[in-house]
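Observations on the three-dimensional arrangement
Each chain, letter by letter, is given below.
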Amino acid sequence: MDQNTLKKSAAEYACANFIHDNMKLGLGTGSTVTFLVDALGKRIKEENLTITTVSTSSRTKRQAESLGIKVVDLNDVDELDLTIDGADQISSDYQGIKGGGAAHTLEKIVATASKRNLWIVDDSKLAEPFGSFPLPVEVLKTALHQLLLKFEAKNLNPKLRLDENGEPVKTHFGNLIVDLHLGEIKQPHELGQYLKSQVGVVEHGLFLDTVNTVIVGREAGPECID
Ligand code: 5RP
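Computed from a predicted model, the values in this text were never measured in an experiment.

Now for the site of the ligand. In the vicinity of the ligand lie 17 residues, with Gly30, Thr32, Gly86, Gly100 and Gly101 positioned nearest. Listed by contribution, the elements that provide at least two residues to the shell around the ligand are α2 (31-47) and α4 (104-112).

Because an α-helix packs 3.6 residues into every turn, residues spaced three or four apart end up facing the same way. If you check which residues of helix α3 (residues 58-66) are buried, you get Thr60, Gln63 and Ala64. Projected down its long axis, α3 carries its buried residues within an arc of 100°, all on one side. Among the exposed residues of α3, those pointing more than 90 degrees away from its buried face are Ser58 and Ser66. Buried residues along α3 sit in contact with β1 (24-27), α2, β2 (52-55) and β3 (70-72).

Below, the discussion takes up the UniProt feature "active site" (unreviewed entry) in the chain. When the UniProt feature table is mapped onto this chain numbering, "active site" (unreviewed entry) sits at Glu107. Within the secondary structure layout, Glu107 lies in helix α4. The residues touching Glu107, leaving out its near neighbours within four places in the chain, are Gly28, Thr29, Thr56, Asp85 and Lys98.

Negative phi values dominate among residues other than glycine, just as trans dominates among peptide bonds. Cis geometry is adopted by the peptide bond preceding Pro129, which originates at Glu128 and carries an omega value of -5°. Within the element layout of this structure, Pro129 appears in the loop between β7 (114-122) and β8 (135-139). Although it is not a glycine, Asn22 sits at a positive phi angle of roughly 70°. Within the secondary structure layout, Asn22 lies in the loop between α1 (3-18) and β1. Although it is not a glycine, Asn155 sits at a positive phi angle of roughly 60°.

Below, the discussion takes up the sheet that holds strand β5 (residues 89-90). With antiparallel pairing, the three strands of this open sheet are ordered in space as β5-β6-β12. The sheet is open, and its two edges are formed by β5 and β12 (206-207), each paired on a single side. Judged from the two bridges that link them, β5 and strand β6 (residues 96-97) form a sheet pairing that is antiparallel. Paired with Gln89 across the bridge in β6 is Ile97.

Further remarks concern the packing of α1 against α2. As a packed pair, α1 and α2 sit with axes 8 Å apart at the nearest point and diverge in direction by 40°. In this view, α1 runs oblique relative to α2, as classed from their interaxial angle. In the packing of α1 onto α2, the handedness of the crossing is right-handed. Of α2, the residues touching α1 (which contributes Lys7, Lys8, Ala10, Ala11, Glu12, Ala14 and Cys15) are Ser31, Thr32, Phe35, Leu36, Ala39, Leu40 and Arg43. Within the contact of α1 with α2, the residues separate by chemical class into eight nonpolar, two polar and four charged.

A separate point is the environment of Asn22. Looking at Asn22, the number of C-beta atoms within 10 Å reads 9, which means it is exposed. Put simply, Asn22 and Ser132 are 110 residues apart on the chain and 39 Å apart in space, counted from C-alpha to C-alpha.

Pairing is antiparallel in the open sheet, where four strands are placed in the order β9-β10-β8-β11. A single partner strand is all that each edge strand has here, and the edge strands are β9 (158-160) and β11 (201-204). The average undirected angle you get between the axes of adjacent strands in this sheet is 30°. Pairing analysis gives three bridges linking β9 to strand β10 (residues 176-180), with the strands arranged antiparallel. Directly across from Lys159, in β10, lies its bridge partner Asp179. Packing against the sheet, α4 makes contact with β8 and β11, and its axis sits at approximately 70° to β11. Helix α5 (residues 144-153) rests against β8, β9, β10 and β11 of the sheet, and its axis sits at about 5° to β10.

Calculation rules
- Residues numbered from 1 in each chain as written.
- Predicted model: local features only at pLDDT ≥ 70, side-chain atom pairs only at ≥ 80, totals over all residues.
- Near = placed C-beta within 6 Å.
- Helix = DSSP H or I, 4+ residues; strand = E, 2+ residues; numbered from the N terminus.
- Buried ≥ 20, exposed ≤ 12 C-beta atoms within 10 Å, placed from the backbone.
- Arc of directions from axis to C-beta.
- Contact = placed C-beta atoms within 7 Å.
- UniProt positions renumbered as here; feature names shortened; annotations may be inferred.
- Pairing = 2+ DSSP bridges.
- Axes fitted to C-alpha atoms, helices over the stretch in contact; angles between N-to-C directions.
- Parallel < 35°, antiparallel > 145°, perpendicular 65-115°, else oblique.
- Left-handed = near helix turned anticlockwise from the far one by under 90°.
- Nonpolar A, V, L, I, M, F, W, Y, C, P; charged D, E, K, R; others polar.

The structure is reproduced here in structure tokens:
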């Protein structure tokens, strides 16, 4: 089975088992979430469900609205019942790295506004060591050079993320992404605190003590870890 089939199976399992009528639902970003939004659009039509969603990117918002899913601004909602999102890497104690799609700041804001968080992933996302996926950090453009110097001095191996045309990738908020090529993150809480305390850092992609449930797409079928 290829990774997309596994992502689809995790997304469809989450849609069938974790979404209920009248929910306020956060929608993540990425290829796995695309399968979720497709399945959600189908369920809403077939079962005439009333679901209000908040989106974590313009990509997800466009897709959801094209399927007739109601999308509102986070500022119009006090609390979300559940957010379903993908992840780039998950440690054995369920800490996460997100931001491969440069959407982690908005994803973290929406996750923080949610009573529960569920991640849908294919089994490659549980690879060891944690931190082998480069850690995304959203930074203000003005602070880029200073932050690169600081991160280099701390041996965090920073690289400005470029698109396929060699241009800096811009986030939803118009900021830049620096990826930290660490190889392994042994103390994620300490690293998260350090990054958060640097002036010019908007948000890092460590999602610590965030997730309540993980659904892993596996060859044998979706595994639900609560
Ligand atoms: C976007 C993210 C995504 O959730 C993460 O990159 C997973 O993407 P995919 O489902 O395409 O593997 O954090 O910023």
